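# A look at the structure
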Amino acid sequence: MIIDCHGHFTTAPPALGEWRTRQIRAFEESGARISPDELHIGDDEIRSAIENGQLKLQTERGTDLTLFSPGAGKMAHHYGDEQTSLDWSRVSNDLISRVCNLFPERFVGVCQLPQSPGDALAASVRNSVAELERCVEELGFVGCLLNPDPSDGYYQAPPLTDRVYYPLYEKMVELDVPAMIHVAMSRNPAMQGTCAHYLAGDTAAFMQLCMSDLFKDFPTLKLILPHGGGAVPYHWGRYRGVMQDQGRPPLEESILPNVHFDTCVYHRRGMQLLLDVLPARNVLFASEMIGAVRSVDPETGRRFDDTKYTIDSLDGLSEADRQAVFGGNALRVFARLEGVLKSRAAAAQVKEHQK
C-alpha cells in the first residue's frame with residue numbers, strides 16, 4: 001500500500017472559506033461569535049471537490065491512501081482568541097471526518113489543533129488536548145498538525161520543547177499518535193509563505209528539538225518534519241558538528257529515534273539527497289498534492305508535486321527501503337492507522353452482507 005502522509009483539503013467547498021471570513025470579521029468588529037451550525041455543505045459538494053481533485057490525482061499517480069488534514073495555511077492561528085481557534089478547528093476537523101466517511105478506502109484523518117499565540121497559548125494547548133482526544137477517539141483520526149509558530153510569521157511563541165506544550169505531548173503519547181510539525185500562513189511580509197516560512201519553520205523546529213531533552217521526557221513521542229525537513233538534509237554536517245561542539249549526543253541517538261521526515265521535495269536531486277543523508281526508516285512518502293506547488297515542471301513534464309514519480313526515478317534505493325518509504329514507515333509511525341483500516345474493512349464487509 002502506498003500511503004501519502006501529507007495531504008490537505010485545499011479544494012474544500014467555498015462555503016467553508018465564507019464561514020471563516022464571517023467568523024473573523026464578526027470577532028474583529030464586535031467580539032461576536034458565528035455558530036458552526038451556520039456552515040452548510042452538502043455531501044455532493046464534498047464528493048465533487050474530492051473526486052475532481054485529490055482522488056483524481058491519487059488514481060492517476062498510483063497512490064492508495066492519503067492521511068488528510070485541513071488546509072495548513074488556512075489554520076491561521078493568529079486570528080481571534082482561543083475560542084475562535086477552537087471553533088475553527090472543530091469545523092475544519094468535522095469536514096475532514098466527512099471526507100473520510102465518504103471515501104473510507106482512500107482517506108484517513110489528521111486533525112488541526114486549536115492553537116493561539118501570546119497569552120492564549122496555554123489555554124489553547126489545553127483546548128488542543130481535548131480536540132485531539134475527540135478527533136482520535138470519536139472521529140478515528142490518527143495524528144495531528146502542530147504549528148511551531150501560532151503567531152503566523154513572527155515566531156513569538158516559546159520553542160516546541162517548552163513545558164507549556166507538555167500536556168499535549170502527554171496526550172499524544174497516551175493516544176499513540178504523531179504530530180506533523182507544520183506552520184500555517186505567514187502574515188509577515190518579510191516571510192513569504194511557501195518557500196520561506198514553511199521551510200524556515202521546519203528548520204527552526206528541528207534545531208529546537210536538537211537543543212532540548214524533550215525525548216528524554218517523552219521517549220515514545222513521534223514527530224514528523226514535512227517538506228524534507230527544510231534545510232536539514234543539506235546542512236546535516238552543521239547540525240552534527242554543533243551538537244558535538246556542545247557535548248550533546250549524536251543525532252542518530254538523540255533525534256532520529258523520534259523524528260521523521262516526509263518527501264515533499266519537488267526536485268530529483270533534492271530527493272536523492274534526502275534519502276542519501278537520512279536513513280530510509282526515517283522518511284515517509286508524501287506529496288502535499290494540490291498544495292504549495294501545482295504547476296508542471298518543464299524539465300520532467302510531470303507536476304512538481306508528483307513525488308511518487310520522483311522517488312521511482314531514484315537510483316540506489318533498495319526494494320526494501322522503497323517499500324518502507326512508500327508505506328511501511330507510515331504504518332509504524334501512525335500506529336493507529338492499521339487498526340483504523342481494519343475496522344473500516346470489517347464495516348464494509350458487514351455493509352456488503354446486509355445488501
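The structure this text deals with has already been given above.
Report follows, based on the coordinates. Computed from a prediction, not measured in an experiment: that's the story for all the values here. (Residues numbered from 1 in each chain as written. Predicted model: local features only at pLDDT ≥ 70, side-chain atom pairs only at ≥ 80, totals over all residues. Heavy atoms only, no water.)

## Section: the overall build of the protein
- Tallying secondary structure elements over the protein gives 14 helices and 9 strands in all.
- On C-alpha atoms alone, the protein measures out to a radius of gyration of 20 Å, which is about the 20 Å that the 2.2 N^0.38 rule sets for 355 residues.
- Taken over the C-alpha atoms alone, the protein extends approximately 55 × 50 × 40 Å along its principal axes.
- Going through the 355 residues of the protein one by one, you find that 54% of them count as buried.
- The centroid of the 35 positive side-chain charges in the protein is displaced by 2 Å from the centroid of its 47 negative side-chain charges. (Helix = DSSP H or I, 4+ residues; strand = E, 2+ residues; numbered from the N terminus. Rg over C-alpha atoms; globule rule 2.2 N^0.38 Å. Buried < 20%, exposed > 50% of the residue type's maximum accessible area, 1.4 Å probe, protein only. Lys, Arg positive; Asp, Glu negative; His and termini not counted. Charge placed at Lys NZ, Arg CZ, Asp CG, Glu CD.)

## Focus: helix H13 (residues 319-333)
- Between its first and last C-alpha, H13 extends 20 Å over 15 residues, near the 21 Å set by a 1.5 Å rise per residue.
- Along its length, H13 reaches its greatest deviation from straightness, about 60°, at Val325.
- What H13 keeps buried is the set Arg322, Ala324, Val325, Phe326, Gly327, Asn329, Ala330 and Val333. (Expected span 1.5 Å × (residues − 1). Bend = angle between axes of the 7 residues up to and from the residue.)

## Re the environment of Gly62
- By the element assignment, Gly62 lies in the loop between helix H3 (54-61) and strand S2 (65-69).
- Separated by 13 residues in the primary sequence, Gly62 and Met75 have C-alpha atoms spaced 29 Å apart.
- Not counting the four nearest positions on each side in its chain, Gly62 is found in contact with Ile2 and Lys308. (Contact = heavy atoms within 4.5 Å.)

## With respect to the pairing of strand S1 (residues 3-8)
- Burial analysis of S1 places 6 of its 6 residues in the buried class, the great majority of the element.
- Both S1 and S2 contribute to a ladder of 4 bridges, which runs parallel. Residue pairing across strands places Gly7 opposite Phe68, the latter belonging to S2. (Pairing = 2+ DSSP bridges.)

## Side note on the packing of aromatic side chains
- Taken as a whole and judged by the stated rule, the model has 12 aromatic pairs.
- Between Phe206 and Phe261, the aromatic rings sit 6.2 Å apart at their centres with planes inclined by 50°, giving tilted as the arrangement. Of the two residues, Phe206 is situated in helix H7 (residues 193-210) and Phe261 in strand S8 (residues 259-262); the sequence distance between them amounts to 55 residues.
- For Phe206, a relative accessible area of 0% gives the class buried. (Phe/Tyr/Trp six-rings, centres within 6.5 Å; stacked < 30°, edge-to-face > 60°.)

## Description of the sheet that holds strand S9 (residues 283-284)
- Sheet architecture is open: 6 strands sit in the order S4-S5-S6-S7-S8-S9, paired in parallel fashion. Two strands bound the open sheet, and with one partner strand each, they are strand S4 (111-112) and S9.
- Strand direction decides the pairing type here: S4 and strand S5 (residues 144-146), joined by 2 bridges, are parallel. Counted as the bridge partner of Cys111 is Cys144 from S5.

## With respect to the nonpolar core
- The biggest cluster of nonpolar side chains holds 76 residues, and the ones touching the most others in it are Ile50, Leu132, Tyr169, Met172, Phe206 and Phe261.
- Setting aside its immediate chain neighbours within four residues, Leu132 contacts Cys111, Leu113, Gly143, Cys144, Leu168, Lys171, Met172, Leu175 and Val177.
- Listed in part, the 25 residues of the second largest apolar core include Ile3, Ala184, Tyr266 and Val333. (Core = buried A, V, L, I, M, F, W, Y, C linked by side-chain atoms within 4.5 Å.)

## What to know about the packing of helix H1 (residues 14-30) against helix H4 (residues 82-102)
- Two numbers describe how H1 lies on H4: the axes approach to 11 Å, and their chain directions differ by 175°. Between H1 and H4, the interaxial angle falls into the category roughly antiparallel. Note on element contacts: H4 touches H1 through Thr84, Asp87, Trp88, Val91 and Leu95, opposite Leu16, Trp19, Arg20, Gln23 and Phe27.
- Each residue belonging to the contact of H1 with H4 can be placed in one class, and the counts come to 6 nonpolar, 2 polar and 2 charged. (Axes fitted to C-alpha atoms, helices over the stretch in contact; angles between N-to-C directions. Parallel < 35°, antiparallel > 145°, perpendicular 65-115°, else oblique. Nonpolar A, V, L, I, M, F, W, Y, C, P; charged D, E, K, R; others polar.)

## Looking at unusual backbone geometry
- In this model, Ala76 sits at a positive phi of 45°, which is unusual for a non-glycine residue.
- Tracing the chain through its elements places Ala76 in the loop between S2 and H4.
- Judged by its relative accessible area of 4%, Ala76 is buried.

## Examining the sheet that holds S1
- Ordered by their spatial adjacency, 3 strands build an open sheet running S1-S2-S3, and the pairing between neighbours is parallel. Every other strand in the sheet has two partners, leaving S1 and strand S3 (107-109) as the edge strands with one partner each. The sheet shows a mean angle of 30° between the axes of neighbouring strands, direction not considered.
- With 3 bridges connecting them, S2 and S3 associate as parallel partners.

## Description of helix H5 (residues 121-137)
- Taking 1.5 Å of rise per residue, 17 residues should cover 24 Å, and H5 covers 24 Å from first to last C-alpha, within 8% of that figure.
- Those residues of H5 lying buried are Leu121, Ala123, Ser124, Val125, Ser128, Val129, Glu131, Leu132, Arg134, Cys135 and Val136.
- Buried-residue contacts for H5 involve H4, S4, S5 and helix H6 (166-175).

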